[in-house]
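# Structure at a glance
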Amino acid sequence: MGNPLEEFTQQAVSVFGNSASKDFYSKLNEEGYPSATRCTQCSQISYPPREHCPGCFGGDVEWVRLPECGTLYAFTTNKRGLRFTAPSVIVVVEFEDVGLVIGPVVGDRHSLKIGQ
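Residues numbered from 1 in each chain as written. Predicted model: local features only at pLDDT ≥ 70, side-chain atom pairs only at ≥ 80, totals over all residues. Heavy atoms only, no water.

### Things to note about the packing of aromatic side chains
Test applied: Note on aromatic pairs: the rings of Phe, Tyr and Trp (six-membered ring only in Trp) are paired at centre separations within 6.5 Å, and the planes decide the class, stacked below 30 degrees, edge-to-face beyond 60, tilted for the rest. Geometrically, a lysine NZ or arginine CZ counts as sitting over a ring once it is within 6 Å of the ring centre and also within 35 degrees of the ring normal.
Counted under the stated rule, the structure contains 0 aromatic pairs. Positioned above the aromatic ring of Tyr33, the side-chain terminus of Arg65 is 3.8 Å from the ring centre.

### Some remarks on the sheet that holds strand 2 (residues 45-46)
We count it as follows: Two strands are said to pair when DSSP picks up at least two bridges between them. Every helix listed is a DSSP run of H or I at least four residues long, and every strand listed is a run of E at least two residues long, numbered separately from the N terminus. Should any heavy atoms of two residues lie within 4.5 Å, those residues are considered in contact. Between N-to-C directions, angles span 0 to 180 degrees; the directions come from axes that are lines fitted to C-alpha atoms, helices contributing only their stretch in contact.
As summarised here, the arrangement of the 3 strands in space is 2-1-3, forming an open sheet in which the pairing is antiparallel. The sheet is open, and its two edges are formed by strand 2 and strand 3 (61-65), each paired on a single side. Here helix 2 (residues 19-31) sits on the sheet in contact with strand 1 (35-39) and strand 3, set at roughly 25° to strand 3.

### Some details on the environment of Glu62
Which entries qualify depends on this criterion: Accessible area is worked out with a 1.4 Å probe on protein chains only. A residue is then buried under 20% of its type maximum, exposed over 50%, and partly exposed in between.
Relative to the elements of secondary structure, Glu62 occurs in strand 3. Residue classification places Glu62 among the partly exposed residues on the basis of a relative accessible area of 33%. When the C-alpha atoms of Glu62 and Ile45 are compared, they prove to be 9.4 Å apart, with 17 residues separating the residues in sequence. Ignoring sequence-local partners within four residues, the contact set of Glu62 consists of Ala36, Thr37, Arg38 and Thr40.

### Some remarks on the state of the cysteines
Convention followed: Two cysteine sulfurs form what is called a disulfide whenever their separation falls within 2.5 Å.
For the structure on display, the rule yields 0 disulfides. Not part of a disulfide, Cys42 finds its nearest cysteine sulfur in Cys53, a span of 3.6 Å.

### Overview of unusual backbone geometry
The bulk of non-glycine residues show a negative phi, and the bulk of peptide bonds are trans. Here the residue pair Tyr47 and Pro48 is connected by a cis peptide bond, since its omega of 0° sits within 30 degrees of zero. For Pro48, the position within the fold is in the loop between strand 2 and strand 3. Although it is not a glycine, Ser43 adopts a positive phi angle of roughly 70°. Locating Ser43 in the fold gives a position in the loop between strand 1 and strand 2. Of note in the backbone geometry, Asp97 takes a positive phi value of approximately 70° without being a glycine. Of note, Asp97 is situated in the loop between strand 5 (88-95) and strand 6 (99-105).

### Remarks on helix 2
Short version of the rule: By this rule, a helix spans an expected 1.5 Å times one less than how many residues it contains. This arc is built from the directions going out from the helix axis to the C-beta atoms.
Across its 13 residues, helix 2 extends 17 Å between first and last C-alpha, which sits within 8% of the 18 Å expected from 1.5 Å per residue. Of all the residues in helix 2, the buried ones are Ala20, Ser21, Phe24, Tyr25 and Leu28. Taken around the axis of helix 2, the buried residues stretch over an arc of 130°, which confines them to a single face. Count one or two residues on from helix 2 and you reach Gly32, which has phi positive near 85°.

This is the structure:
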């Protein structure tokens, strides 16, 4: 079995195939951290990344790294799954100026607490 991140990247790009999605998964695979786009006109951050700003409809966006710290909003254990390998802990984290982001986390769900 190959690298799960590479396999997930290929699956995601085939489904969400615009250039912002392709760039997002390439950055995630190559750099190891998730990114978002920020409008150069109004500074709105978009996650998932967009090719244009959903706020002012501007077409000039730049890539920014998501913050490393956020607030745990929700979590669950995934026993089966297509998107994430099972079993895994799936979290929803709220990042300031970004909003809610969902993704897998390494660790034991029993050590997690909403709001941390």
